[in-house]
Amino acid sequence: MMKTNRTVIVQCRLSSTRLPGKALKDLCGKPVLAYVLESMHKVKADHYFVATDEASYEQLLPVCKEYGFECFAGSLDDVLGRFISLLDTIKTKTVIRATADNPFLFYEAAEESAQLFEEKNNGKTHCDYLTYSGLPHGSGVEVFSAESLKKAASETSEPYDHEHVGPAFYNHKDKYVCDFVPAPRRFNYPELRTTIDTYSDFLRAVSMLNYLKSHNYEGPFTTEQILEACQSNSVKYPVVLVPSVVKGHGTGHLRRCLTAASQGGFFVYVPEDKTLKEADSLIEEYIAQGLSKNQIITSIPDESYLPAIITDTFELTQNQLKELAKNRSLISIDEGSKYTDYCDYLLDIIPSYKCERRANITNSAFITLPENVRSDSDAEERNIEKVLICLGGEDPSNLTMPAAQAFRRKFPDAKITAIISNEDNPYVDYAGGTNIEFIKPVAGLREKLFEYDIVVTHYGLTAFEAVYAGCGVILLPTTNLHKKLAEKYNFAYVGDKSISDSALQTALSSENLYAKKILSGEKKSLGEFLRHLSAGKRMCCPVCGKVPSQPDEVISRNETRTYRRCSTCGMVYMAFTTIEDKKYKKEYFFEEYKKQYGKTYEEDFDSIKAQGMRRAAIIKSLSGVGGAATEKNLLDIGCAYGPFLAAASESSFNPFGTDIAEDAVSYVQQKLKYPAVCSAFPDIDTAEEFGITQFDVVTMWYVIEHFKDLGKVLRKVSTLVRKGGLFAFSTPSGEGISAVSDKDHFYEISPTDHYTIWEPSRADSILRIFGFRVERIVSTGHHPERFPSIKKSGAQKGSLKWNLVDAISHARGLGDTVEIYCRKI
Ligand SMILES: [Zn+2]
């Protein structure tokens, strides 16, 4: 090797307090240290050392050797002394030091900083110690002169200096030249954390490696690859799946979670005290197929790497839900408890008979259907030669034996196979003399179902899989609910517990035996969908701005959002959304408006202005503004192209506008000649912009629902309105005919950037929090055609019925929009 006069030293010990033995901890097939050594070997040097303590030496040696490093043992606590002893054994000029905590070191940055250090010392300048600042947390390496370190070590006896290396230099800057060089842009990511210090860090590293591996990146990883992984959704939005691993709940939950984890790179929480006997063998089966061992976790990470929690547990207790919902999104699959208000999102996959609660989405296409399907699935008549009895392995109701015997009587020549869980099963003793084959749970059963003519099972995943595989399916319901489910979804079933011959015959001759029509055949990847959900955002009440101790009542759920009502202030707000933030672009009005209304905002100017004249008249009547002599200052927030400013001006107000759309603001300034500023409310300083601290009137027309930080906005409005002045706004009504007649549809079509839904009956109590009293509520947006009675009868505009409904809409305030005028008190 070319002489570089450099030595790379990776500092490593196994006695880490937070994560003992982390350097040798298996991280997706290799010890953590291996990744560090691989990276640091990319830095040019004559010598590569791992500097460790005596106690760790033996264990670290094989890894060091494998990756081309020598292993040097020195003092455990006097790290500085350890470095000096090592340096005494070799001749080197420059030392590049890294620690063994970070498997994602930027080796390019390390090489660059070493070169920079050498350049500084080649010229007229001198440098003892150099490091890049601004690298991801824990990615930094230090470069220093071996001679200087020896000198620095001999000059300090401070314990802190000896426990570390760098401080011997930078705590003595009077004697040593220390350069903290801001890292070049491509390395400068101080907000990222790639080091492994805690259990949560370790899980983040697992997510990163899963990402890197799935993109076929081989280590040592380049800066670009590491950054790509850091910014991927699978690393940014970790997911922990929580399946039921309790005896009696069957293996379906764990199976489904392991499948999703394999698809999406998620973690699966399987606690040590699991009671499901098949859990370990199932996990092994998935690991053999490529799931990483590191994806199975025995504790849920803390808040430093907050995962979304996805439960698949059948029925959670209130306490479990409360614990899991803490500070992170909680998504539940087929959740059957009554406490689902804790859940941000509910996904129902297995069709259920009757659920009083609404799910965000119900879709059986998420069932992983078998690839292997019977070729004779269209045949009318089939010989029954092979029967599989599969009652979840555990069979708590002891139906396996009666079922097997009933089939034996009915089909004396058929091969009857029954799956039983384990040695606890009483039937094992019978196995000898019954001519029934008893087998243990089968790995990958889904793909073997097609071999059987008839599958006997409970209502659940296997039943749907067997139908899809083209088998005859007979259910053995154990509860009344399961009987109803069997009927509702057109399964053949034997309702009689003793499985009498006549009951079996009825099921066999049922037209539902080959219930092919149960599934649509559409397939969706559960893993992919959960990945999409995991990036969803949970939000608390935008008025109060804090997370309540009990979950707020859920008002409506739909595929992309969940709405709740704040238990403190009563506001209905978007509490969970899977839709990304809308960016209000400069060209918002030209494009978006036209898309929505079929004409440009400018073209609509006059009709909006006419609305404005009406609103200005109401404001005038409430504020008692007279002619031009008593001009009052009015600020319109979200003024757009200024139609209301024009109306206000004609109504003898003195108008000011603000909007976030630049093109709109310049139109107001240049064409209309009103003072306006481009700013994102509430970040506006009106004293500076307009020379006015308080206005007589502040207005917002269809703007208020767009604020995520409504509390902050209303506090600002409150300071902007003088005492006795007015605040007026319009917004969609949560008590209009559309909301009242079909609440879920109303919330489903509510624009995804409307964060609050105002209900006129609650407006006063919410506005009082901010020092306003409601003076007038005007119901607007009356649409008789949206009333059920008009929809049903098809009555035409102008008819008696239409006019009557229109009158009712006005009288009861059932318009779909509302204007609220309130006074600062
Ligand atoms: Zn609230």
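What you see as residue numbers is a count from 1 along each chain, following the sequence as written. In keeping with the predicted nature of the model, local features appear solely for residues at pLDDT of at least 70, side-chain atom pairs appear and are counted solely at 80 or more, and the whole-chain, interface and lining totals rest on all residues. Values shown for side chains rest on all heavy atoms present in the structure; no hydrogens or waters enter the calculation.

Draft legend 1. How the structure looks around the overall build of the protein chain. Helix numbers and strand numbers start at the N terminus; a helix is a DSSP run of H or I with at least 4 residues, a strand a run of E with at least 2. Looking only at helices and strands, the protein chain has 30 helices and 34 strands in total. Considering only intrachain contacts with a sequence separation of at least 6, the fraction spanning at least 24 residues in the protein chain is 68%. A 1.4 Å probe and the Shrake-Rupley method give the accessible areas. Residues count as covered only by the protein chains that appear here. Carbon and sulfur atoms form 49% of the exposed surface of the protein chain, whose accessible area is close to 36400 Å². Averaging the positions of the 98 positive and the 109 negative side-chain charges in the protein chain gives two centres separated by 5 Å. The contact rule is simple, with two residues in contact once any of their heavy atoms fall within 4.5 Å. Asp and Glu are treated as the negative residues and Lys and Arg as the positive ones, with His and the ends of the chain left uncounted. Where a charge lies is defined by one atom per residue type, namely NZ (Lys), CZ (Arg), CG (Asp) and CD (Glu).

Draft legend 2. Molecular detail of helix α2 (residues 54-66). What the bend at a residue measures is the angle between two axes, fitted to the seven residues ending there and to the seven starting there. If you look at α2, its biggest bend is around 55°, right at Leu60, and the proline Pro62 turns up within four residues after that. The first or second residue beyond α2 is Gly68, which carries a positive phi of 75°.

Draft legend 3. Geometry of the coordination of the zinc ion. Any N, O or S atom lying within 2.8 Å of the metal counts as a donor, and for Na, K and Ca the limit rises to 3.2 Å; water is left out, so some sites can look incomplete. Coordination of the zinc ion by the protein involves Cys541 (SG), Cys544 (SG), Cys566 (SG) and Cys569 (SG), with metal-donor separations of 2.3 Å. Angle rules define the geometry names used: all angles between 85 and 135 degrees makes four donors tetrahedral, while opposite donors over 155 degrees apart and all other angles between 65 and 115 make four donors square planar and six octahedral, leaving every other case irregular. Because the angles between the four donor atoms bound to the zinc ion fall within 102 to 118°, the donor set is best described as tetrahedral. Relative accessibility thresholds used throughout: buried, under 20% of the residue-type maximum; exposed, over 50%; partly exposed, between the two (1.4 Å probe, protein chains only). Looking at Cys544, the relative accessible area reads 26%, which means it is partly exposed.

Draft legend 4. How the structure looks around helix α30 (residues 800-811). By this rule, a helix spans an expected 1.5 Å times one less than how many residues it contains. Helix length check: α30, at 12 residues, gives a terminal C-alpha distance of 16 Å against a target of 16 Å (1.5 Å per residue), a fit within 8%. Those residues of α30 that fall on the buried side of the exposure criterion are Trp802, Val805 and Ser809. Each buried residue of α30 sits inside an arc of 65° when the element is viewed along its axis, so together they form one side. Residues of α30 that are exposed and point more than 90 degrees away from the buried face comprise Leu800, Leu804 and Ala811. For α30, the elements touching its buried residues are α29 (788-793). Just past α30, the residue Gly813 takes up positive phi, approximately 65°. Relevant arc is that of directions from the helix axis to the C-beta atoms, nothing else.

Draft legend 5. View of the packing of aromatic side chains. Side-chain rings of Phe, Tyr and Trp, where Trp is taken by its six-membered ring, are said to pair if the distance between their centres is within 6.5 Å; with planes under 30 degrees apart they count as stacked, over 60 as edge-to-face, and otherwise as tilted. Per the stated rule, a full pass over the model turns up 29 aromatic pairs. The interplanar angle of 45° and the centroid separation of 4.7 Å between the aromatic rings of Tyr563 and Tyr747 together place this pair among those described as tilted. In this pair, Tyr563 sits in strand β25 (residues 561-565) while Tyr747 sits in helix α27 (residues 743-749), placing the two residues 184 residues apart along the sequence. Tyr747 matches Tyr563 in its accessibility class, with the two residues each being buried. For a lysine, the NZ atom is tested; for an arginine, the CZ atom; a charge sits over a ring if that atom is within 6 Å of the ring centre and within 35 degrees of the ring normal. When the ring centre of Phe202 is taken as reference, the NZ or CZ atom of Lys25 above it lies at 4.8 Å. Stacked on the ring of Trp701, the Lys or Arg Arg615 has its end atom at 4.4 Å from the ring centre.

Draft legend 6. Structural view of the pairing of β25. Most of β25 sits inside the fold, with five of its five residues counted as buried. Because side chains alternate across β25, one face comprises the buried residues Arg561, Tyr563 and Arg565, and the other comprises Thr562 and Arg564, equally buried. For two strands to pair, DSSP has to find at least two bridges joining them. Note that strand β24 (residues 553-557) and β25 share four bridges and pair antiparallel. By the bridge assignment, Arg557 is partnered in β25 with Thr562. Linking two consecutive strands that pair antiparallel, namely β24 and β25, is a turn of three residues. In the sheet, β25 pairs with strand β26 (residues 572-577) via five bridges, with the strands oriented antiparallel.

Draft legend 7. Representation of unusual backbone geometry within the structure. Omega for the peptide link from Gly219 to Pro220 comes to -5°, which places this bond in the cis form. For Pro220, the position within the fold is in the loop between α8 (199-214) and α9 (223-230). Omega for the peptide link from Phe681 to Pro682 comes to 10°, which places this bond in the cis form. Even without glycine at this site, Asp334 takes up a positive phi of about 50°. Mapped onto the elements, Asp334 comes out in the loop between β14 (330-333) and β15 (345-348). Asp334 gets classed as buried once you look at its relative accessible area, which sits at 17%. Of note in the backbone geometry, Ala640 takes a positive phi value of approximately 55° without being a glycine. For Ala640, the position within the fold is in the loop between β27 (632-637) and α22 (643-650).

Draft legend 8. Quick peek at the sheet that holds strand β6 (residues 94-99). Spatially, the seven strands line up as an open sheet ordered β5-β4-β1-β6-β8-β7-β9, and their pairing is mixed. Two strands bound the open sheet, and with one partner strand each, they are β5 (70-74) and β9 (178-182). Adjacent strand axes in the sheet meet at a mean angle of 25°, parallel and antiparallel pairs treated alike. Both strand β7 (residues 129-133) and β9 contribute to a ladder of five bridges, which runs parallel. Within β9, the residue paired with Tyr132 across the bridge is Val181. The angle between two axes is taken between their N-to-C directions and runs from 0 to 180 degrees, where each axis is a line fitted to C-alpha atoms and a helix contributes only its stretch in contact.

Draft legend 9. View of the environment of Ser157. Along the polypeptide, Ser157 turns up in the loop between α5 (146-155) and α6 (159-163). We classify Ser157 as exposed; its relative accessible area is 69%. Counting along the chain gives 11 residues from Ser157 to Ala168, while the straight-line C-alpha distance between them is 9.5 Å.

Draft legend 10. How the structure looks around the pattern of salt bridges. What makes a salt bridge here is a side-chain nitrogen of Lys or Arg within 4 Å of a carboxyl oxygen of Asp or Glu, nothing more. Overall, the coordinates contain 39 salt bridges when judged by the stated rule. A salt bridge links Arg256 to Asp312, with the shortest nitrogen-to-oxygen separation between them at 2.8 Å. Of this pair, Arg256 sits in helix α11 (residues 252-264) while Asp312 sits in strand β13 (residues 308-312), placing them 56 residues apart in sequence. In this pair, the class of Arg256 matches that of Asp312, namely buried. For Asp344, the salt bridge identified is with Arg538, shortest N-O distance 2.8 Å. Taken as a pair, Asp344 in the loop between β14 and β15 and Arg538 in strand β23 (residues 537-538) lie far apart in primary sequence, 194 residues in all. Taking the relative accessible area as the measure of exposure, Asp344 reaches 3% and is therefore buried. Overlapping salt bridges, with partners in common, bring together Arg6, Lys44, Glu111 and Glu118 in one network.

Draft legend 11. Highlighting the sheet that holds strand β34 (residues 817-824). Spatially, β29-β28-β27-β30-β31-β34-β33 is the arrangement adopted by the seven strands of the open sheet, whose pairing is mixed. Unpaired on one side and paired on the other, β29 (676-678) and β33 (772-780) mark the two borders of the sheet. Averaged over neighbouring strand pairs, the angle between their axes works out to 15° when direction is ignored. Relative to β34, strand β31 (residues 721-732) is paired through seven bridges, and the arrangement is antiparallel. Counterpart to Ala728 in the pairing with β34 is Tyr821. Strands in contact with helix α25 (residues 710-720) are β27, β30 (695-701), β31, β33 and β34; relative to β31, the strand with the most contacts, it is inclined by about 140°.

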